[in-house]
Amino acid sequence: MTDAATRAAEILKGHRESIDRLDAILIYTLGERFKHTQAVGKLKAEHDLPPSDPTREAAQVARLEDLAKRADLDPVFAKKFLRFVIDEVIRHHEQHQS
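Peer 1: Tell me about unusual backbone geometry, and name the residues and values.
Peer 2: Backbone geometry places Asp 48, a non-glycine residue, at a positive phi of 55 degrees. On the secondary structure map, Asp 48 appears in the loop between helix H1 (3–46) and helix H2 (54–70). According to the relative accessible area criterion, Asp 48 is exposed, its value standing at 66%. Of note, the phi angle at Asp 72 is positive, near 60 degrees, even though the residue is not glycine. Exposure remark for Asp 72: the relative accessible area of 74% places this residue in the exposed category.

Peer 1: Would you mind going over the packing of aromatic side chains in detail, with residue names and values included?
Peer 2: Following the criterion strictly, the structure yields 1 aromatic pair and no others. Taken together, a centroid distance of 6.3 Å and an interplanar angle of 25 degrees make the contact between Phe 77 and Phe 81 stacked. You can see Phe 77 and its partner Phe 81 sitting in helix H3 (residues 75–97), 4 residues apart, about one turn around the helix. Residue Phe 77 is classed as partly exposed on the basis of its relative accessible area of 46%.

Peer 1: Give a detailed account of the pattern of salt bridges, specifying residues and quantitative values.
Peer 2: Tallied over the full model, the rule gives 7 salt bridges. Across the pair Arg 7 and Glu 10 runs a salt bridge, and its minimum N-O distance is 3.4 Å. Placement of the pair is Arg 7 and Glu 10 together in helix H1, with a separation of 3 residues, close to one helical turn. The exposure class of Arg 7 is partly exposed, given its relative accessible area of 48%. A salt bridge links Arg 83 to Asp 87, with the shortest nitrogen-to-oxygen separation between them at 3.0 Å. Of the two residues, Arg 83 and Asp 87 both sit in helix H3, 4 residues apart, roughly one turn of that helix. For Arg 83, a relative accessible area of 34% corresponds to the partly exposed category. When salt bridges with common partners are traced through the structure, they connect Glu 57, Arg 83 and Asp 87 into a single cluster.

Thresholds, definitions, all that
Residues numbered from 1 in each chain as written. Predicted model: local features only at pLDDT ≥ 70, side-chain atom pairs only at ≥ 80, totals over all residues. Heavy atoms only, no water. Helix = DSSP H or I, 4+ residues; strand = E, 2+ residues; numbered from the N terminus. Buried < 20%, exposed > 50% of the residue type's maximum accessible area, 1.4 Å probe, protein only. Phe/Tyr/Trp six-rings, centres within 6.5 Å; stacked < 30°, edge-to-face > 60°. Salt bridge = Lys/Arg side-chain N within 4 Å of Asp/Glu carboxyl O.

Here it is, written out as structure tokens:
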């Protein structure tokens, strides 16, 4: 391997180590988030509240879209990701209702 290729491999290794740490943070953060949304789902079921709150969801999408722009993250991707998470939360809330 040339010196340039060796250096590139070292840089790549450093990026991959950072990515692995960030992936772990994402998973633990999602786990913590879902602990709270599960508690919300149980509370909603106990008080006969609807599993979804479209007003809150719209506000969250707008807030996180703005955060994505400030974080230099594609807001379209952020919106899709959040929609996926919200849909999963609603699914859990519906399970608590039954």
